[in-house]
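Residue strings, one per chain:
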Amino acid sequence: MAINLWYFFAVVFVWIGINAVGSSIISSNYHVKAFCNNPLETEKKIALTFDDGPSEFTLEVLELLKKHNAKATFFCIGKNIEKHPEIIQKVIEEGHLVGNHSYSHSKFFDFYHEDKITNELRKTDELLEKFTSKKINFFRPPYGVTTPSIRRALKITGHKTIGWNIRSLDGGTKNQELILNRIIKRVSPGGIVLLHDTESHSVLVLEQFLQFLQQNDYEVVSIEELLNLNAYEIERG
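Calculation notes
- All residue numbers here refer to positions counted from 1 along the written sequence of the relevant chain.
- Local features in this predicted model are restricted to residues whose pLDDT is 70 or higher, and side-chain atom pairs enter the listing and the counts only when it is 80 or higher, whereas totals over whole chains, interfaces and linings include all residues.
- The side-chain quantities take in all heavy atoms of the structure and omit both hydrogens and water.
- Every axis corresponds to a line fitted to the C-alpha atoms, with the helix fit spanning only the stretch in contact, and the corresponding angles, defined between N-to-C directions, vary from 0 to 180 degrees.
- What counts as a helix is a DSSP run of H or I of at least four residues, what counts as a strand is a run of E of at least two, and both are numbered from the N terminus.
- Any angle that falls under 35 degrees is termed roughly parallel, while one over 145 is termed roughly antiparallel, one within 65 to 115 roughly perpendicular, and all others oblique.
- The hand of a helix crossing depends on one turn: near helix anticlockwise from the far one by less than a right angle means left-handed, and clockwise means right-handed.
- We call two residues contacting when some pair of their heavy atoms lies within 4.5 Å.
- Residue type decides the class: Asp, Glu, Lys and Arg count as charged, Ala, Val, Leu, Ile, Met, Phe, Trp, Tyr, Cys and Pro as nonpolar, and the leftover types, Gly among them, as polar.
- By salt bridge we mean one thing: a side-chain nitrogen of Lys or Arg within 4 Å of a carboxyl oxygen of Asp or Glu.
- A 1.4 Å probe rolled over the protein chains alone gives each residue an accessible area, and that area as a share of the maximum for its type sets the label: buried under 20%, exposed over 50%, partly exposed in between.
- Note on pairing: two strands pair once DSSP finds at least 2 bridges between them.
- A clockwise path from the first strand over the helix to the second, with the strands pointing away from the viewer, defines a right-handed crossover.
- Pairing of aromatic rings covers Phe, Tyr and Trp, the last counted by its six-membered ring, and requires centre-to-centre distances within 6.5 Å; plane angles under 30 degrees mean stacked, over 60 mean edge-to-face, and any other angle means tilted.
- In this scheme, the term charge over a ring applies when either NZ of a lysine or CZ of an arginine sits within 6 Å of the ring centre and within 35 degrees of the ring normal.
- Working definition: the arc comes from the directions between the helix axis and the C-beta atoms, pointing outward to the latter.

## Points about the packing of helix H2 (residues 56–67) against helix H4 (residues 85–93)
(1) Moving on: At a closest axis distance of 9 Å, the pairing of H2 and H4 adopts a crossing angle of 20°. Comparing their axes, H4 and H2 come out roughly parallel. You can see that H2 and H4 cross each other, and the crossing is left-handed. Facing Glu-56, Thr-58, Leu-59 and Leu-62 of H2, the residues of H4 in contact are Ile-87, Lys-90 and Val-91.
(2) Moving on: The class makeup of the residues in the contact of H2 with H4 is four nonpolar, one polar and two charged.

## A word on the pattern of salt bridges
(1) Moving on: Counted by the stated rule, this structure contains six salt bridges.
(2) Moving on: Note that Lys-45 and Glu-225 form a salt bridge whose closest N and O atoms lie 3.3 Å from each other. Of this pair, Lys-45 sits in strand S2 (residues 45–51) while Glu-225 sits in helix H9 (residues 223–226); the two residues are 180 residues apart in sequence, bridging distant segments of the chain.
(3) Moving on: Here Asp-51 and Arg-140 are joined by a salt bridge, their closest N and O atoms 2.8 Å apart. Note that Asp-51 is positioned in strand S2 and Arg-140 in the loop between strand S5 (138–139) and helix H6 (148–157), a separation of 89 residues in sequence.
(4) Moving on: Its relative accessible area of 0% is what places Arg-140 among the buried residues.
(5) Moving on: Among the charged side chains, a network of salt bridges with common partners joins Glu-43, Lys-45 and Glu-225.

## A look at the pairing of strand S8 (residues 192–196)
(1) Moving on: Burial analysis of S8 places five of its five residues in the buried class, the great majority of the element.
(2) Moving on: Of the two faces of S8, both are covered, the one formed by Ile-192, Leu-194 and His-196 as well as the one formed by Val-193 and Leu-195.
(3) Moving on: By the bridge criterion, five bridges tie S2 to S8 in an arrangement that is parallel. Across the sheet, Thr-49 pairs through a bridge with Leu-194, a residue of S8.
(4) Moving on: Read from strand S7 (residues 166–167) through helix H7 (residues 176–186) to S8, the crossover connection turns out right-handed.

## Some words on the packing of aromatic side chains
(1) Moving on: For the structure shown, the criterion picks out three aromatic pairs.
(2) Moving on: Note on Phe-50 and Phe-74: the rings are 5.1 Å apart at their centroids and 20° apart in plane angle, and the pair reads as stacked. On the criterion of sequence distance, the pair formed by Phe-50 in strand S2 and Phe-74 in strand S3 (residues 72–76) is long-range, its members being 24 residues apart. Phe-74 carries the same exposure label as Phe-50, and that label is buried.
(3) Moving on: With centroids separated by 5.6 Å and ring planes inclined at 55°, the aromatic side chains of Phe-109 and Tyr-112 adopt a geometry described as tilted.
(4) Moving on: Taking the relative accessible area as the measure of exposure, Phe-109 reaches 1% and is therefore buried.
(5) Moving on: For Lys-116, the ring lying beneath its charged end belongs to Tyr-112, and the centroid distance is 4.2 Å.

## Notes on H6
(1) Moving on: Ser-149, Ile-150, Ala-153, Leu-154 and Thr-157 are the residues of H6 that are buried. Angularly, the buried residues of H6 cover 135° about the axis, an arc narrow enough to put them on a single face.
(2) Moving on: Buried positions along H6 lie against helix H5 (114–128), S5 and strand S6 (160–162).
(3) Moving on: Backbone geometry just downstream of H6 places Gly-158 in the positive-phi region, at approximately 80°.

## Some details on the packing of H7 against helix H8 (residues 200–215)
(1) Moving on: The N-to-C vectors of H7 and H8 enclose an angle of 40°; their axes lie 10 Å apart at closest approach. The angle between H7 and H8 falls in the class oblique. In the crossing of H7 with H8, the sense of the turn from one axis to the other is right-handed. Contact with H7, carried on its side by Gln-176, Ile-179, Leu-180, Ile-183 and Ile-184, involves His-201, Leu-204, Val-205, Gln-208, Phe-209 and Phe-212 of H8 and no other residues of that element.
(2) Moving on: Residue composition of the contact of H7 with H8, by class: eight nonpolar, three polar and no charged.

Structural data, given as structure tokens:
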């Protein structure tokens, strides 16, 4: 009896562990299919993505992107769009792509019921669509965590989930050298880089990284171009 009970708890422990790892690693596609890079890309093309804006630092990011003739994708938080509508308008006017990063970016987002998640995504879409005629097709879950509730919500909203394969970790450290070296080591054609447009150190790293890409003949393109995802394919998908 004791052995059977031990076996039961061992199975439960392993199951919880598998679910925790699968939920926290976006590239695992455990709950949700996520586009994390384009492994078929042979040309030196790479996508830059920025999370958590808009903020006052977004303007500095835009200046650097313009200087290097680079297009990026900004995953925006709804409450920050409300704070900085003029900045999100500038992002779109300058030809960059915008995506949905939830309304609240709550630490408890992955515990939300699918109805609440759906409402957050729709609310953020509505805020973004005030500045663009394009449908908001792309979503990046807060912290990169996916759950069954998020999967069910996405079936309703129809968003494609965008992950990354080059994580800068600029949200966890301000050491510019560490962040830059981490990114550079992982650069390859078809890669998707995750940065943030909410801190000054991230802007400084971005400037150095764009110089590196230019020196190594990389072209920075939008997620849409890198993944060959157009509106027609998204609607059918």
